[in-house]
Each structure stands twice: as structure tokens, then as C-alpha cells.
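# Residue-level structural notes
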Amino acid sequence: MIITTTEYVPGYEVIEILGIVKGSTARTRHVGKDILASLRNLVGGEVVEYTKLIGEAREQALDRMIEEAKRLGADAVIGVRFGTTQIMQGVAEILAYGTAVRLKKKE
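Starting from 1, residues in each chain are numbered consecutively following that chain's sequence as written. Given that the model is predicted, a residue must reach a pLDDT of at least 70 before its local features are reported, and side-chain atom pairs must reach 80 or more before they are shown or counted; all residues, however, enter totals for whole chains, interfaces and linings. Only hydrogens and water are set aside; all other atoms, that is, all heavy atoms of the structure, feed into the side-chain values.

With an unreviewed UniProt entry as reference, the protein is termed UPF0145 protein DICTH_0347, source organism Dictyoglomus thermophilum. Per its UniProt entry, the protein bears the Sequence similarities (unreviewed entry) comment "Belongs to the UPF0145 family." UniProt positions are given in the numbering used here, feature names are shortened, and annotations may be inferred rather than shown by experiment.

Spelled out as C-alpha cells, the structure:
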């Protein structure tokens, strides 16, 4: 499965658009990680606990998007984007979306 943020795949042509595919996850913070993050906030620098949490959420959303594309019989997902929304205090949704397509190698 080819995943790209571009609207095309070099060396291939889109022969069929299967539709928009998406994957999402909603994550909440952990009290223990909040305490560590608060302490880091005092001295500055990256809050690695949150960086890891968001990274894992992005990967899960991407995996779910890819699974949806596979169910449609896609060869690729083009125009992939990520979005995030705060659902409520301490809970964020990460969304991955793009266009599932079938490809043909250019001759």
C-alpha cells in the first residue's frame, strides 16, 4: 500500500478513485504523565510523554485509514492529511484521511 501526501504517485497513473478513507482515535492524558509534564514545564524542553502519546495516536489513526483502504481494494492512498480536535478537556481526536485509489504503472 502506497501512502503519500501528494496527489499523484510518480511512475503510476490513477485509474480509479475509490473514495475518501479515514482512521481516527481519541486519546486521553494519563495523570502520571501529567505530573511529569508539569515538572518538565518548570525547566522547559520537550514534553516527551506527550510527544510519544501523540505519535502513537497518529500511527493508530494511520493504520485504521490503511485498513479501510484495503477493504476497498486500494493500491494507494493519496493526499493524506492529519487533523486533531479537542473533544473535551484532556481528550483529543487524531484523524488521518486521504483518497483511496487504484493505480496502473505507466508504460
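Moving on, there is more to tell.
Right, let's get into the overall build of the protein. Helical segments are the DSSP runs of H or I of at least four residues, strand segments are the runs of E of at least two, and each set is numbered from the N terminus. The helix and strand inventory of the protein stands at 2 helices and 4 strands. Each helix (α) and strand (β) of the protein, taken in turn from the N terminus, gives the series β-β-α-α-β-β. Each residue gets one of three labels from its accessible area relative to the maximum for its type: buried under 20%, exposed over 50%, partly exposed in between, using a 1.4 Å probe on protein chains only. When the 107 residues of the protein are sorted by exposure, 27% land in the buried category. Each accessible area is a Shrake-Rupley estimate made with a 1.4 Å probe; only the visible protein chains count as cover when residues are assessed. When the accessible surface of the protein is summed, it comes to about 7000 Å², and 55% of that surface belongs to carbon and sulfur atoms.

Once that is clear, we can look at the environment of Thr99. Inspection of the secondary structure assignment puts Thr99 in strand β4 (residues 91-105). Here Thr99 falls in the partly exposed class, since its relative accessible area comes to 23%. Spatially, the C-alpha atom of Thr99 lies 8.7 Å from that of Lys22, the residues being 77 residues apart in sequence. Note on contacts: a residue pair is in contact if any heavy atoms of the two residues lie within 4.5 Å. Leave out the neighbours within four places in its chain, and Thr99 touches Ile17, Gly19, Ala76, Val77 and Ile78.

Strand pairing is defined by DSSP finding a minimum of two bridges between the two strands. Alignment of strand β1 (residues 2-3) against strand β3 (residues 76-88), held across 2 bridges, turns out to be parallel. What sits directly across from Ile2, in β3, is Ala76. Hairpin connection, β3 to β4: the antiparallel pair is bridged by 2 residues, and Gly90 has positive phi, about 85°.

The salt bridge criterion pairs a side-chain nitrogen of Lys or Arg with a carboxyl oxygen of Asp or Glu, the two atoms within 4 Å. Considering all chains together, one arrives at 5 salt bridges under this definition. Glu7 is the partner of Arg81 in a salt bridge, and the nearest nitrogen-oxygen pair spans 3.8 Å. In this pair, Arg81 sits in strand β3 while Glu7 sits in the loop between β1 and β2 (12-28), placing the two residues 74 residues apart along the sequence. With its nearest N and O atoms 3.5 Å apart, the salt bridge here joins Glu68 to Lys22. In this pair, Glu68 is assigned in helix α2 (residues 48-72) and Lys22 in strand β2, connecting sequence segments 46 residues apart.

Ordered in space as β1-β3-β4-β2, the 4 strands form an open sheet in which the pairing is mixed. Because the sheet does not close on itself, it has two edges, and the strands there are β1 and β2. Axes, fitted as lines to C-alpha atoms, cover a helix only where it is in contact. Angles between the N-to-C directions of the axes lie from 0 to 180 degrees. Packed on one face of the sheet, α2 meets β1, β2, β3 and β4 and runs near 140° to β2.

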